[in-house]
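Descriptive structure summary
Below are the chains, spelled out letter by letter.
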Amino acid sequence: MTELEKQLLSALEQLQQDYSQRLDEWESAFAEWRRMSGLMQRENAMLSERVSDLSEQVQSLSEQLRRLYGS
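Calculation notes
Residues numbered from 1 in each chain as written. Predicted model: local features only at pLDDT ≥ 70, side-chain atom pairs only at ≥ 80, totals over all residues. Heavy atoms only, no water. Helix = DSSP H or I, 4+ residues; strand = E, 2+ residues; numbered from the N terminus. Rg over C-alpha atoms; globule rule 2.2 N^0.38 Å. Buried < 20%, exposed > 50% of the residue type's maximum accessible area, 1.4 Å probe, protein only. Areas by Shrake-Rupley, 256 points an atom, 1.4 Å probe, with all protein chains shown as cover. Lys, Arg positive; Asp, Glu negative; His and termini not counted. Charge placed at Lys NZ, Arg CZ, Asp CG, Glu CD. Salt bridge = Lys/Arg side-chain N within 4 Å of Asp/Glu carboxyl O. Phe/Tyr/Trp six-rings, centres within 6.5 Å; stacked < 30°, edge-to-face > 60°.

1. Brief notes about the overall build of the protein
Counting its secondary structure elements, the protein contains one helix and zero strands. In terms of C-alpha radius of gyration, the protein reaches 30 Å, well past the compact-globule figure of 11 Å for 71 residues. The buried share of the protein, taken over its 71 residues, is 3%. For the protein, the exposed area adds up to about 6,900 Å²; of that, 57% sits on carbon and sulfur atoms. Once the 8 positive and 13 negative side-chain charges of the protein are each reduced to a mean point, those two points are 12 Å apart.

2. A short note on the pattern of salt bridges
Applying the stated rule across the entire model yields one salt bridge. The residue Arg35 makes a salt bridge to Glu32 at a minimum N-O spacing of 2.8 Å. Taken together, the positions of Arg35 and Glu32, both in helix 1 (residues 3-70) and three residues apart, correspond to about one turn of that helix. Its relative accessible area of 45% is what places Arg35 among the partly exposed residues.

3. A few points about the packing of aromatic side chains
Each pair of aromatic rings is reported with the distance of its centres and the angle of its planes. In this structure the tally under the stated criterion is two aromatic pairs. Plain terms: the ring middles of Trp26 and Phe30 are 5.3 Å apart, the flat faces sit at 5° to each other, and that makes the pair stacked. Remark: Phe30 and Trp26 occur in helix 1; sequence separation between them is four residues, near one turn of the helix. Seen from their ring centres, Phe30 and Trp33 are 5.8 Å apart, and the 20° between their planes marks the pair as stacked. Highlighted residues: Phe30 and Trp33, both in helix 1, separated by three residues, approximately one helical turn. Note on Phe30: relative accessible area 35%, which makes it partly exposed. Of the aromatic side chains, those joined through ring pairs into one cluster are Trp26, Phe30 and Trp33.

4. Quick look at the environment of Ser10
You can see Ser10 is positioned in helix 1. Overall, the relative accessible area of 41% leaves Ser10 in the partly exposed class. Residues Ser10 and Ser62 lie 52 residues apart in sequence; the distance between their C-alpha atoms is 76 Å.

Shape is all these values report; function is a separate question.
Right under this line is the structure:
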């Protein structure tokens, strides 16, 4: 194997290691994103339910005020 072939092989191996490392980092970041996305979906669902509850309470209070001042 010539010196040039050795250098090319070494460069290729380094590129492969760099690619593998970046792929691992990307996969880790993607897994974290999925985890955070799931948490946000659950939190959004809870907030949406709370907003609905508060909306119903406001509507009920509005009706009570209307009856109180309407009579």
